[in-house]
Amino acid sequence: MKPNIAIDGPAGAGKSTVARLAAEKLGLVYIDTGAMYRALTWKALQQNLPFEETALARLARTTRIRFANDEGVQKVFCDDTDVTEQIREPLVTKWVSVLSSFAPVRRELTNLQRKAAASGGVVMDGRDIGTAVLPDASFKFFLTASLEERSRRRYREMVNKGTQISLAEIEADIAARDQADRNRKVAPLVQAEDAIVIDTTDLSVEQVVDLIVAKYSQEVE
Ligand code: DC
């Protein structure tokens, strides 16, 4: 069985880009757990559900979330709808921290994530992968970067997509999400004791990917 890689860290630290490229290079499967929380949030907003525990727990139990590879591009499906683009919208980003704070919602998604990793060979990124979802993962990385740098990266990403938003708004949003993710009662964002910390502030994406690939390749074979 191929080992799993867990990648955690705050919003904008570069986790998803790095995790996707590392998975490609190592021939592993990439699983974006943030996209799963986002897909549920998108559906809750579509259905005008109240953002409270009972309604969202029921939603988590009855929704099918899956990933599909479309000519090398990873798509996210919520039931049968392709929500790849919609889950990145600011309204989803605003509400996802609330949805992800509820224990029964996390339980459902954690179970799905463990099943996805059960046969090994995945690179999974999120907030609680090395601590709660896959505490036995062979490789754990915790990616950080300064708030300013993370905000600049997110800003460039959004502007490239044509979203109208200011750097100040992004910085406020990321700071609020950091605060919510780090302080929630269940599975908060925290560095696993055995995780390798990589401060990506002054590193390129390639440099971070290379560090992860080198570590994995050194020990696996
Ligand atoms: O990685 P992201 O920004 O797409 O994640 C969106 C939100 O989902 C994030 O603010 C917190 C939540 N999340 C979580 O609680 N646990 C995870 N494993 C992944 C994401």
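That block above? That's the structure.
An account of the accompanying structure is given in this report. Worth saying up front: this structure is predicted, and the values here are computed from it rather than measured.

**A short note on the site of the ligand**
Inference 1: What surrounds the ligand is a group of 16 residues, the closest being Arg-38, Arg-106, Arg-127, Asp-128 and Arg-177.
Inference 2: Take Arg-38: an N or O atom from its side chain is 2.7 Å from an oxygen atom of the ligand.
Inference 3: At 3.1 Å, a side-chain N or O of Asp-181 approaches an oxygen atom of the ligand.
Inference 4: A total of 460 Å² of accessible area belongs to the ligand in isolation, and the protein chains cover 97% of it.
Inference 5: The set of elements that each furnish at least two residues to the shell around the ligand consists of helix H2 (33-46), helix H4 (90-99) and helix H8 (167-183).
Inference 6: In terms of residue count, the dominant contributor to the shell around the ligand is H2 (4 residues).
Inference 7: A class-by-class count of the residues in the shell around the ligand yields 3 nonpolar, 5 polar and 8 charged.

**Some thoughts on the sheet that holds strand E2 (residues 29-32)**
Inference 1: An order of E2-E6-E1-E7-E8 is seen for the 5 strands of this open sheet, with the pairing classed as parallel. Edge positions in the open sheet fall to E2 and strand E8 (196-199), since each of these has one partner strand only. Looking at each pair of strands side by side, their axes are set apart by 20° on average, direction ignored.
Inference 2: Direction of pairing for strand E1 (residues 5-8) relative to strand E6 (residues 122-126): parallel, over a ladder of 4 bridges. Among the inter-strand pairings, Ile-7 is bridged to a residue of E6, identified as Asp-125.
Inference 3: Relative to the sheet, helix H9 (residues 205-219) contacts E1, strand E7 (139-144) and E8, its axis offset from that of E7 by approximately 165°.

The rules behind each value
- Residues numbered from 1 in each chain as written.
- Predicted model: local features only at pLDDT ≥ 70, side-chain atom pairs only at ≥ 80, totals over all residues.
- Heavy atoms only, no water.
- Near = heavy atom within 4 Å.
- Polar contact = N/O pair within 3.5 Å; in protein donor to acceptor, adjacent residues only side chain to side chain.
- Areas by Shrake-Rupley, 256 points an atom, 1.4 Å probe, with all protein chains shown as cover.
- Helix = DSSP H or I, 4+ residues; strand = E, 2+ residues; numbered from the N terminus.
- Nonpolar A, V, L, I, M, F, W, Y, C, P; charged D, E, K, R; others polar.
- Pairing = 2+ DSSP bridges.
- Axes fitted to C-alpha atoms, helices over the stretch in contact; angles between N-to-C directions.
- Contact = heavy atoms within 4.5 Å.

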